[in-house]
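# An overview of the molecular structure
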Amino acid sequence: MTDPKKLFIKTYGCQMNVYDSERMVEALGGAGYVETQTPGDADMILLNTCHIREKAAEKIYSELGRLRPFKEAKPDLKIGVAGCVAQAEGEEIMRRQPLVDLVVGPQSYHRLPEMEAKTQKGDKALDTDFPADDKFDTLRNRPKAKRGPTAFLTVQEGCDKFCAFCVVPYTRGSEVSRPADRILEEAVNLVDRGVREITLLGQNVNAYHGAGPGSQGGGDWSLARLIWALNDIDGLERIRFTTSHPNDMADDLIEAHGTCAKLMPYLHLPVQSGSDKILKRMNRSHTAQSYLRLLERIRAARPDIVLSGDFIVGFPEETEEDFQATLDLVEEVKYGYAYSFKYSTRPGTPAAERAQVGEDVKSERLQRLQTLITRHQRDIQDAMVGRTVKVLFEKPGREPGQMVGKSEYLHAVHVTDSGVVSGQIADVEITESGTNSLGGRVIR
Ligand code: 5AD
Ligand code: SF4
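Only a predicted model underlies this, so the values are computations on that prediction, with no experimental measurement involved.

## Details of the overall build of the protein
Along the backbone of the protein there are 13 helices and 21 strands. By the compact-globule yardstick of 22 Å for 444 residues, the protein fits well, its C-alpha radius of gyration being 23 Å. On the principal axes, the C-alpha backbone points of the protein span a range of 60 × 60 × 55 Å. Among the 444 residues that make up the protein, the fraction classed as buried is 53%. Taking contacts inside the protein between residues at least 6 apart in sequence as the whole, the part at least 24 apart equals 71%. Within the structure as shown, the protein displays about 19,500 Å² of accessible surface, and the carbon and sulfur contribution to it stands at 50%. A gap of 2 Å separates the mean positions of the 58 positive and 65 negative side-chain charges of the protein.

## Quick notes on the domain arrangement of the protein
One frequently used descriptor of interface size is the decrease in accessible area upon assembly of the parts. For the protein, the assigned domains are domain 1 (5-132), domain 2 (147-264) and domain 3 (388-442). Computed over C-alpha atoms only, the centres of domain 2 and domain 3 are separated by 27 Å. Each partner contributes residues to the interface: domain 2 has eight residues there, and domain 3 has 13 residues. In total, domain 2 and domain 3 occlude about 730 Å² of area from one another, counting both sides; carbon and sulfur atoms represent 60% of this. The largest per-residue losses of area from domain 2 upon contact with domain 3 belong to Pro149, Arg238 and Arg240, which jointly make up 60% of the total buried on that side. The interface formed by domain 2 and domain 3 includes zero salt bridges. Seen at the junction of domain 2 and domain 3, the total is five residue pairs in polar contact (both at pLDDT 80 or more). Here the residues of the side of domain 2 that touches domain 3 are counted per class, giving two nonpolar, one polar and five charged.

## Examining the pattern of salt bridges
When the charged atoms of two side chains lie near each other, side chains of opposite charge can form a pair. What the rule picks out here adds up to 34 salt bridges. Among the ionic pairs, Glu359 bridges to Lys362, the shortest N-O distance being 3.8 Å. With Glu359 and Lys362 both in helix 13 (residues 359-382), this residue pair falls three residues apart, about one helical turn. Among the residues examined, Glu359 registers a relative accessible area of 45% and is labelled partly exposed. Lys362 sits in the buried class, given a relative accessible area of 6%. For Glu429, the salt bridge identified is with Arg441, shortest N-O distance 2.6 Å. Placement of Glu429 in strand 20 (residues 425-433) and of Arg441 in strand 21 (residues 438-442) is noted, with a sequence separation of twelve residues between them. In this structure Arg441 comes out as partly exposed when scored by relative accessible area, which is 46%. Each of Glu318, Glu320, Glu364, Arg365 and Arg368 takes part in one network of salt bridges that share partners.

## Here we look at the pairing of strand 16 (residues 337-342)
The pairing of strand 15 (residues 306-313) with strand 16 spans six bridges and is parallel. Directly across from Asp310, in strand 16, lies its bridge partner Tyr339.

## Considering the packing of helix 1 (residues 15-29) against helix 5 (residues 112-120)
The geometry of helix 1 relative to helix 5 is characterised by a closest axis approach of 8 Å and an angle of 60° between their N-to-C directions. Our classification of the angle between helix 1 and helix 5 gives oblique. Note that helix 1 runs across helix 5; the crossing there is right-handed. Seen from helix 1, the contacting residues are Met24, Ala27 and Leu28; seen from helix 5, they are Leu112, Pro113 and Glu116. Grouping the amino acids of the contact of helix 1 with helix 5 by side-chain chemistry returns five nonpolar, no polar and one charged.

## Remarks on the site of ligand 1
Taken together, Ile52, Arg53, Phe165, Gln272, Asp310, Ile312, Phe341, Lys342, Tyr343, Ser344 and Arg346 make up the full set of residues near ligand 1. With the chains in place, 86% of the 400 Å² that ligand 1 exposes on its own is no longer accessible. For the shell around ligand 1, the elements supplying multiple residues, two or more each, are strand 15 and strand 16. The residue makeup of the shell around ligand 1, split by class, is five nonpolar, two polar and four charged.

## Digging into the sheet that holds strand 1 (residues 5-11)
Read from one edge of the open sheet, six strands run 2-1-3-4-5-6, paired in parallel fashion. The outermost strands of the open sheet, each flanked by one partner alone, are strand 2 (33-35) and strand 6 (125-127). Averaged over all pairs of adjacent strands, the angle between strand axes in this sheet comes to 20°, irrespective of strand direction. Judged from the five bridges that link them, strand 1 and strand 3 (residues 44-49) form a sheet pairing that is parallel. By the bridge assignment for strand 3, Thr11 is matched with Asn48. Against the sheet, helix 2 (residues 54-66) contacts strand 1, strand 3 and strand 4 (78-82), and its axis sits at roughly 165° relative to strand 3. Where helix 4 (residues 83-96) meets the sheet, its contacts fall on strand 3, strand 4, strand 5 (102-104) and strand 6, and the angle it forms with strand 5 comes to roughly 140°.

## Comments concerning the packing of aromatic side chains
Per the stated rule, a full pass over the model turns up five aromatic pairs. Between the aromatic rings of Phe315 and Tyr343, the centroid separation amounts to 5.4 Å while the plane-to-plane angle is 75°, which identifies the pairing as edge-to-face. Residue Phe315 is found in the loop between strand 15 and helix 12 (320-333), and its partner Tyr343 is found in the loop between strand 16 and helix 13; the two are separated by 28 residues along the sequence. When sorted by exposure, Phe315 lands in the same class as Tyr343, which is buried. Here the aromatic residues Phe165, Phe315 and Tyr343 are joined through ring pairs into a cluster of three or more.

## A closer look at the sheet that holds strand 17 (residues 388-396)
The strand order 17-18-19-21-20 describes a closed barrel built from five strands, whose pairing is mixed. Adjacent strand axes in the sheet meet at a mean angle of 50° when their direction is disregarded.

## Some remarks on the nonpolar core
Among the nonpolar cores identified, the biggest contains 60 residues, and Leu200, Leu226 and Tyr335 are the most heavily contacted of them. Not counting residues up to four positions away in its chain, the partners in contact with Leu226 are Val155, Ala180, Ile183, Leu184, Leu200, Tyr208 and Trp221. Counting 22 residues, the second largest nonpolar core, distinct from the first, contains Ala42, Leu67, Ile79 and Ala86.

What counts, and at which threshold
All residue numbers here refer to positions counted from 1 along the written sequence of the relevant chain. Lettering for chains starts from A, numbering for ligands starts from 1, and both go in the order in which the items are written. Where local features are concerned, this predicted model is filtered to residues with pLDDT of at least 70; where side-chain atom pairs are given and counted, the filter is 80 or more; whole-chain, interface and lining totals use all residues. In computing side-chain values, all of the structure's heavy atoms are included and hydrogens and water are not. Here a helix means four or more residues in a row that DSSP labels H or I, a strand means two or more in a row labelled E, and each is numbered from the N terminus. Atoms counted for the radius of gyration: C-alpha only. Globule rule: 2.2 Å times residue count to the power 0.38. Here's how the labels work: a residue is buried when its accessible area is under 20% of the maximum for its type, exposed when over 50%, partly exposed in between, all with a 1.4 Å probe on protein chains only. Two residues qualify as a contact provided that any one of their heavy atoms is within 4.5 Å of a heavy atom in the partner residue. Only the protein chains shown count as cover for residues, with accessible areas throughout obtained via the Shrake-Rupley method and a probe of 1.4 Å. When charges are counted, neither His nor the chain ends are considered; positive counts come from Lys and Arg and negative counts from Asp and Glu. For this purpose, a charge sits on NZ of Lys, CZ of Arg, CG of Asp or CD of Glu. These domain boundaries are the output of an automatic or database domain assignment. The buried area of a pairing is the accessible area, by a 1.4 Å probe, that goes missing from both parts when the two are put together, added over both. Salt bridge, as used here: a side-chain nitrogen of Lys or Arg that lies within 4 Å of a carboxyl oxygen of Asp or Glu. Throughout this description, a polar contact denotes any pair of N or O atoms lying within 3.5 Å of each other; where both atoms belong to protein, one of them has to be capable of donating a hydrogen while the other can accept it, and for residues adjacent in sequence the pair is counted only when both atoms sit in side chains. We call Asp, Glu, Lys and Arg charged. Ala, Val, Leu, Ile, Met, Phe, Trp, Tyr, Cys and Pro are nonpolar, and the rest, Gly among them, are polar. Strands are treated as partners if at least two bridges between them are detected by DSSP. In this analysis, axes come from line fits to C-alpha atoms, helices being fitted only over the stretch in contact, and the angle between any two N-to-C directions falls in the range 0 to 180 degrees. Angular relationships are summarised with four words: roughly parallel below 35 degrees, roughly antiparallel beyond 145, roughly perpendicular across 65 to 115, and oblique for the angles in between. Here a crossing is taken to be left-handed if its near helix is turned anticlockwise relative to the far helix by less than a right angle, and right-handed if that turn runs clockwise. Proximity is defined per residue: if any heavy atom of the residue lies within 4 Å of a molecule or strand, that residue is considered near it. Stacked, tilted and edge-to-face are the three classes assigned to paired rings of Phe, Tyr and Trp, where Trp is represented by its six-membered ring and a pair needs centres within 6.5 Å; plane angles under 30 degrees give stacked, over 60 edge-to-face, the rest tilted. For the purposes of this section, nonpolar cores are sets of buried Ala, Val, Leu, Ile, Met, Phe, Trp, Tyr and Cys residues that join through side-chain atoms within 4.5 Å.

Printed below as a string of structure tokens:
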């Protein structure tokens, strides 16, 4: 028997890319590949890329340049680009970087075996179509191998919202929800392999409208309905979902946060800005007030919920007053986590054509916003000291005898010499709050 060929994948960007990279390993598994963590051993190197901001996209060209020595050492090595940069700039990648053999967009991963065969004949392979067949078909031969206690599961892809700054509707296409029975089958498979917590993924996950089992017409299950069905799976202990849009926070989903035992008290709900003028120009179709009222309803359903958000500073025409409104909103909400970015012009999006805010102004605003967010984050983390939380342990920590995991609220928690193992959920009394994690002791 010949040795299997080796595949090295480097993943950039969001959790959906992490999930997709697993699908690519499975798809190429069918073509005789096994994954390696060492690029020097690889017969194929794939970069799974992100196009959301300019820096992320440009990084790919320098990364490809760094792969040249590997190709020189092993001329048979195949180099591929996958993900959103592949979708947006496929032809240009081929032109700018001749060492690339293969370019595959995010909807075509199930076709990788055919593409790989083409590269073996010395041809280049490019596929950035949005095919009618299903990229999740790589899952038909489900793997059985054990895996860690947490997993991602994509339930929805694409976006119809067209926020004026965002490339996602162009790179990932319009909203598509997977049928519920396929998702439930995949969840059971993950649980059988040792998974105890599943994070449901989608660019607009709460817009999920999939066909329920046995459905004729499709689209009849909401995200809440899907979560309730997952709640019934024995051995699955925790459910999370990300990323959500405020306009799709349906009543049944808000209610589930108060009543569904396995749904964790954490919600990532980006608002992007606190200024109504900017929200309008971003095409967000909600106001700062409507967002705050929505959070009130969510907190009424689940008072201890930890909230998380995304912000863009320096969107075209953002004034100091607009930015102040963002600071005011953050001050009012007090996020447990928040991710903030300088606006980055993306080709083909409406906002790219408008009057831009200067780079220094953006940097200065970003720093002020991050200082405020970090303060709230610290306060919320520090307030956990003295409380008892449930921790799902994932892996050994850096210190001897240490195990680390996550609380219900997604805080990283570490304990020492406590005898807990990966996959175990234990009550932990929090005794200290560090820079990025909490420390505690297991309660017997
Ligand atoms: N510039 C800066 N940030 C952006 N995001 C999306 N597009 C851009 C852009 N052009 C941010 C948004 C989104 C997160 C995933 O990335 O905050 O919620
Ligand atoms: Fe992009 Fe807006 Fe869609 Fe989110 S909702 S993926 S920010 S267009």
